[in-house]
Every structure is written in structure tokens, then in C-alpha cells.
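Examining the three-dimensional arrangement
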Amino acid sequence: MFSVGPSFKGIKMIPPGVHFVFYSSSSRDGKEFSPIIGFFIDAGPSEVIVRKWDQQEERLVKVSEEEEARYTQAVCSLEFDKQLGPYTLSQYGEWKRLSSYITKSIIERIEPIGGEITVTAESGMMKNTPKSTMERALDEQLKTSKFAASVDSSQKKGCYYTSIPRVVKRRGMQGEELTSLNLDKTELLESLITKNYGGSEDTLLGELQFAFIAFLMGQSLEAFLQWKSLVSLLFGCSEAPLHTRSQLFTMFIKVIYYQLKYGLQKDRNGTETGASALLDDSWLSADSFLHHLCKDFFALIQDASVVDGDLLTWTRKLRELLENSLGWEFQQSSAVDGMYFEENDEYAPVVEMLDE
């Protein structure tokens, strides 16, 4: 991230591949900032990507092909070289781990019309979506924000994320079967991979990474809810990780590990710099959705008679990260068939009692 001055003309020496560009304008004293706007790019070798700052709208806009060609030529002739900041290569390894499954086709599949991701375009977009206290508060803030009124309603286009059912319902299915289907999300996962991801596990993981980046760096509420849905789906499977999709779950745990490692890191002064700087304490508390999901998944892997070695290794690494970074504990608190759930836990299984 750069705090830029009047001579700034862009970034040079960008490694080829996928990147996320995000920015916001600030007040003169640098204490107040407008909502972040971000967009994904897929930069080719020696490619010049041109955007122009619109002072009136306070955002970066595309220019005409003729103007773009003129700027490209000037960049290639090194006319702007002294006004371009070098890409911070020391952070490239972290970025690659956060974006390893994102491809140009995934960006084109998910990004909104125009490519810009911003929370100001999301007010009222997710009216029927279950939200935590934090998410509801942010949603209300968006509705009353001065920025919400500045976005034309015709422009309020979100990302094209895959729809993940929170509860699986099927006509003609008996209560016991329906309960079983919702306790183990394996069948739902298989269906989504086949129908929505073209059979590609990598595409699913690419969407998970896209949503996390748009949420963490672009501060998108819609992206956070999609990330939460995908994480809940994968952690909610008990058959797939042990049998049919063990390799997928090894890759998934690695993705989540690097996301949380990056999001929970602190700078040298002990200041929170990632997700923990953006989110309130409820997200990181011991009764958050993530703690409940991890607790059940860790117990599943721990109690299984046969587990893929790589999956076991990465699950242990994730558990240690959460224990060391957040002080979370994952021991079962009491035993009813070896399971424990807090009262009013939205992630506790729903057991339907049938009349005999």
C-alpha cells in the first residue's frame, strides 16, 4: 500500500499474473478516507494498464484506446519512470499464496459489471441473507451513509458469486434423510462442484480466494458473506474430507491457513494490520461461526480411523495458528455422543423427531 503525493503516476515492475488494485481518496490531513474501490487485473509481461484519476468522481476510470496507446508508448520510453513506485517484491510471496487459484477466467466469471468492487454499491443487496450482529450493523451504516446516495441505482451491481444454499430442502424427502443431508454437506458440495464449477475443485478454491481478497482488501460485505458461505460449506462436510475429496480438503485447509495467517498478522509495533484491524471482536471471539466450524472439523479429523497424511498435517497447522494467534481452545467441553454445542448455536445440527 502507498500513500501517494502529487508526483505519483503509478506502479512499475509488477510481476505478471493476477493482482488486486484497491484505493481510496483521503482528506487533506489524511485522517478521513472514502470507501475503498478495488478491481482485479491479469497483467501480462511488459503490459501497461492505464487508468486516469477522475477528480470529480474520486475514482480511477478507463481512457480511450488512443489515449491508452499514447500513455503506453510514454511508459515504454521511460518518460514516467521517475514518477512510478516499484512493486514491493518482499510481499509477492504472501500475495501468491493468497491468490494461487485465481485465474483470468475466474475473475471474468465473478467480477461485477465494470469490474469495480465497492461496499457503497452493496446497500440493500442482501436483504434476505442471515447476518451476524456485526454484519447487520455494517448494513445499516451503509443504508444511512452519504456515499450510498451517490451511487446510481442502475450501477448497483454486485459480483456474480455462486449461490450456496444454507439449508438443503428437497421435495418428498423424509425428515430423517433431510436432517442427515444437512448434517453432512458432502452431497451438496459434490452437486455444486459438478453443476456450478464444471467439475473443477480449483475453480471453487479460486472463488474462495477471490471473495477473501475482495473482503479483506476491498472491504466488501458481500464478499465476506460469500467467503463465510464457502467456508461453512466445506467445514460442514464429514464424508468428503475422509474419503472422496481428501485432496480438495488438503488444498482448502492450506488456503484457509494462509488467509488467516495473513489476516491476523501484526506489524512490528504489535498493531493489527489484517482482518483483525477491520473486524470487531465478535468475529474473532470463541463463539464466532469460524470457531464452531473449526472445532467440529478438528474433532472429525482427530477421531477418524484413517486420514490423509497431508490433510492431517495442515489441519494441525491451522489449529496451532488459531490457538496461538487467538487463544482459541478446541477441546470438547462436554459429551453427548461426543458432541458439544452452545445454546442458540446457529451451526448446531437440527435433529427432527418423527412420530412413530
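Below you will find a few notes about this structure. Predicted model only: the values in this text are computed from it and were never measured. (Residues numbered from 1 in each chain as written. Predicted model: local features only at pLDDT ≥ 70, side-chain atom pairs only at ≥ 80, totals over all residues. Heavy atoms only, no water.)

Digging into the overall build of the protein chain
A tally of helices and strands in the protein chain yields 14 helices and seven strands. Within the protein chain, buried positions represent 41% of all 356 residues. The contacts of the protein chain with a sequence gap of at least 6 include a subset with a gap of at least 24, amounting to 69%. Carbon together with sulfur atoms contributes 47% to the accessible area of the protein chain, which is approximately 20,800 Å² in total. (Helix = DSSP H or I, 4+ residues; strand = E, 2+ residues; numbered from the N terminus. Buried < 20%, exposed > 50% of the residue type's maximum accessible area, 1.4 Å probe, protein only. Contact = heavy atoms within 4.5 Å. Areas by Shrake-Rupley, 256 points an atom, 1.4 Å probe, with all protein chains shown as cover.)

A word on helix α13 (residues 289–303)
For α13, built from 15 residues, the straight-helix expectation of 21 Å at 1.5 Å per residue is met to within 8% by its first-to-last C-alpha distance of 22 Å. Most of α13 is tucked away, with eleven of its 15 residues classed as buried. Along α13, the positions that sit buried rather than exposed are Phe 289, Leu 290, His 291, His 292, Leu 293, Cys 294, Lys 295, Phe 297, Phe 298, Ala 299 and Ile 301. (Expected span 1.5 Å × (residues − 1).)

Concerning the packing of aromatic side chains
Aromatic ring pairs are defined here through the distance separating the ring centres and the angle between the ring planes. With the rule as written, the count across this model stands at 24 aromatic pairs. Consider the rings of Phe 20 and Phe 40, whose centres lie 4.7 Å apart with planes at 55 degrees: the pair is tilted. Taken together, the residues Phe 20 in strand β2 (residues 17–23) and Phe 40 in strand β3 (residues 37–43) connect sequence positions 20 residues apart. The pair Phe 20 / Phe 40 is uniform in exposure class, with both members buried. In textbook terms, an aromatic cluster arises when at least three aromatic residues are bridged by ring pairs, as seen for Phe 20, Phe 22, Phe 40, Tyr 161 and Phe 210. The positively charged end of Lys 228 is found above the aromatic ring belonging to Phe 289, 5.0 Å away from the centroid. Positioned above the aromatic ring of Trp 314, the side-chain terminus of Lys 317 is 4.2 Å from the ring centre. (Phe/Tyr/Trp six-rings, centres within 6.5 Å; stacked < 30°, edge-to-face > 60°. Lys NZ or Arg CZ within 6 Å of the ring centre and 35° of its normal.)

Concerning the pairing of β3
Most of β3 is tucked away, with six of its seven residues classed as buried. Sheet topology note: the β2/β3 ladder contains seven bridges and is antiparallel. Looking across to β3, one finds that Phe 22 is bridged to Gly 38. (Pairing = 2+ DSSP bridges.)

Things to note about the environment of Ile 102
Following the sequence through the fold, Ile 102 ends up in the loop between α2 (92–99) and α3 (104–110). Given a relative accessible area of 6%, Ile 102 falls into the buried group. In sequence terms Ile 102 and Gln 209 are 107 residues apart; their C-alpha atoms lie 6.9 Å from each other. In contact with Ile 102, not counting residues within four places along its chain, are Val 18, Phe 40, Ile 107, Gly 206, Gln 209, Phe 210 and Ile 213.

Considerations on the nonpolar core
Leu 189, Trp 227, Phe 235, Phe 249 and Leu 318 are the most contacted members of the largest nonpolar core, which totals 68 residues. Looking at which domains feed residues into this core, each of domain 1 (1–86) and domain 2 (88–102 + 168–266 + 280–326) gives three or more. The residues contacting Phe 235, other than those within four sequence positions of it, are Phe 252, Ile 253, Leu 290, Leu 293, Cys 294, Phe 297 and Leu 318. Membership of the second largest hydrophobic core comes to five residues, among which are Tyr 23, Ile 37, Phe 39 and Ile 41. (Core = buried A, V, L, I, M, F, W, Y, C linked by side-chain atoms within 4.5 Å. Domains from an automatic or database assignment.)

Side note on the sheet that holds β2
Pairing is antiparallel across the open sheet formed by three strands, whose spatial order is β2-β3-β7. The two strands at the open ends of the sheet, each matched to only one other strand, are β2 and β7 (117–118).

Focus on the environment of Leu 188
Within the secondary structure, Leu 188 sits in helix α7 (residues 186–195). Taking the C-alpha atoms as reference, Leu 188 lies 8.9 Å from Ile 164; in sequence the two are 24 residues apart.

A closer look at the packing of helix α9 (residues 221–235) against α13
Between two packed helices, both the angle of their axes relative to each other and the distance between the axes serve to describe the pair. The contact between α9 and α13 brings their axes to 10 Å, and the two run at 20 degrees. Comparing their axes, α13 and α9 come out roughly parallel. For the pair α9 and α13, the crossing hand works out as left-handed. Contacts from Phe 224, Trp 227, Lys 228, Val 231, Ser 232 and Phe 235 in α9 reach Phe 289, Leu 290, Leu 293, Cys 294 and Phe 297 in α13. Each residue belonging to the contact of α9 with α13 can be placed in one class, and the counts come to nine nonpolar, one polar and one charged. (Axes fitted to C-alpha atoms, helices over the stretch in contact; angles between N-to-C directions. Parallel < 35°, antiparallel > 145°, perpendicular 65-115°, else oblique. Left-handed = near helix turned anticlockwise from the far one by under 90°. Nonpolar A, V, L, I, M, F, W, Y, C, P; charged D, E, K, R; others polar.)

Some words on unusual backbone geometry
Residues other than glycine seldom take positive phi values, yet Glu 58 does so here, at roughly 55 degrees. Mapped onto the secondary structure, Glu 58 falls in the loop between β4 (52–54) and β5 (59–61). Relative accessible area serves as the criterion here: at 36%, Glu 58 is assigned to the partly exposed category. Positive phi, normally seen in glycine, also occurs at Gln 219, with a value near 55 degrees. Position of Gln 219 among the secondary structure elements: in the loop between α8 (201–216) and α9. Residue classification places Gln 219 among the partly exposed residues on the basis of a relative accessible area of 37%.

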